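Read off the chains here:
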Amino acid sequence: MPIGSFGKWTRQVKRVARVSLSKSAMLYIGFVFIAALLWSFVTLNRELPLENIALNIKIVNMPDGYRFIDSVPSKVMCGFKGQGWSLLTRIGRGSQAELVIDFRRFEVAGENVMRVPSLITLLGEQFSRDGIVVTKLDYPAIEARYGNASKRVIVMLDVHNSTGKTYSDEILLKPDSVTVWGSALILDNIETLVAPLTLEEDRSAYDVPVSNGGNALLIEPSTVHVEVNYVKTLIMRETVVLHILNVPQGLKVTTVPTKFDISYNTSAVRRSEKIDTIAIDYEQMLRRAHDGKFALDTTVLELPYQVQGLALSTDSVEYIIERVQ
């Protein structure tokens, strides 16, 4: 056979082999695909378990102007069993399966609470029509207080200073008011909220949580930013006259002594502002009275302006209450 003819014959053999291999490969892939479809069809027609599925929680029919005070989970982890096709279409990837909670159904209006006693029962109701059974759920129940009223209230700082430093009265507080959500009855009795601040050495900026005062409140924002400027400290010593405030009509209170010494820390800016009087409310005096004396508690004494490091030369004062015409 001539060399040229042999080369042509070789190329034809290779071409036929490639075509044969391509057809075989396509047939093989086709058989695998068909087998996979058959396997999927058979498998998805059986009851199957489905574990560790995260479902979003959706609250519906909650009126505008209502806010949850307590945290409500945004997701729950669940387990299911059911026919494979139902699981695939109802819960599988790409589906929008949710745990839907109807606020109106579970609202306890008189208590301002949404109470869902059994999440697994509720979820079972929503999936039972598809023949799906809920086998587990990591969040058994929800009880969340809500607020249906809101107002803006002022934030007051309650500063605890054990650093030995004196701080300026010009404290940056941002924001100086917050929005609170709760029941109308609670909000009627709230005008201010307190942010307790404990000063620390070598620190001037703080993010301070706002206290709810033991009330069922949602506070927005929940923290305020505080910046404190420390100033040069001067120790001042004064002799002050003690006054009793809000004495009931027809009564007269005499204290012994009527004057005593105090010392306190102040800034150089306020060194010229002398303190010559100090006062206590009549009711506060009676609460601290015993055997003709009452204790001088620096936390309830009223001064012309706030000072730091207040110290008194006496810890109690004798008193006499007289009736007058």
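Just above sits the structure.
Residues numbered from 1 in each chain as written. Predicted model: local features only at pLDDT ≥ 70, side-chain atom pairs only at ≥ 80, totals over all residues. Heavy atoms only, no water.

**A look at the overall build of the chain**
Moving on, step 1. Helix and strand counts for the chain come out as six helices and 25 strands.
Moving on, step 2. Counting all 325 residues of the chain, 32% fall into the buried class.
Moving on, step 3. Counting contacts in the chain only where the partners sit at least 6 residues apart, residues at least 24 apart contribute 73% of the total. (Helix = DSSP H or I, 4+ residues; strand = E, 2+ residues; numbered from the N terminus. Buried < 20%, exposed > 50% of the residue type's maximum accessible area, 1.4 Å probe, protein only. Contact = heavy atoms within 4.5 Å.)

**Quick word on the pattern of salt bridges**
Moving on, step 1. One pass over the structure, following the stated rule, counts ten salt bridges.
Moving on, step 2. Among the salt bridges present, the one from Lys136 reaches Glu51, with a minimum N-O distance of 3.6 Å. One end of the pair, Lys136, is in strand E7 (residues 133-137); the other, Glu51, is in strand E1 (residues 47-60), and 85 residues separate them in sequence.
Moving on, step 3. You can call Lys136 partly exposed: its relative accessible area is 39%.
Moving on, step 4. In this structure, the salt-bridge partner of Arg67 is Glu220, at a minimum N-O distance of 2.5 Å. Taken together, the residues span a long stretch of sequence, with Arg67 in strand E2 (residues 67-68) and Glu220 in strand E15 (residues 218-220) at a distance of 153 residues.
Moving on, step 5. According to the relative accessible area criterion, Glu220 is partly exposed, its value standing at 27%.
Moving on, step 6. Residues participating in the shared-partner salt-bridge network are Glu111, Arg115 and Glu143. (Salt bridge = Lys/Arg side-chain N within 4 Å of Asp/Glu carboxyl O.)

**Some words on the nonpolar core**
Moving on, step 1. By size, the foremost hydrophobic cluster in this structure holds 26 residues, and its most contacted members are Leu55, Phe80, Ile101 and Leu123.
Moving on, step 2. At the level of elements, E1, strand E3 (75-83), strand E4 (98-102), helix H3 (103-106), strand E6 (113-116), helix H4 (119-127), E7 and strand E8 (142-147) are the ones that each hand at least two residues to this core.
Moving on, step 3. In terms of residue count, H4 provides more of this core than any other element does, four residues in total.
Moving on, step 4. Core analysis: the second largest hydrophobic core is formed by 22 residues, Val240, Phe260, Leu296 and Tyr305 among them. (Core = buried A, V, L, I, M, F, W, Y, C linked by side-chain atoms within 4.5 Å.)

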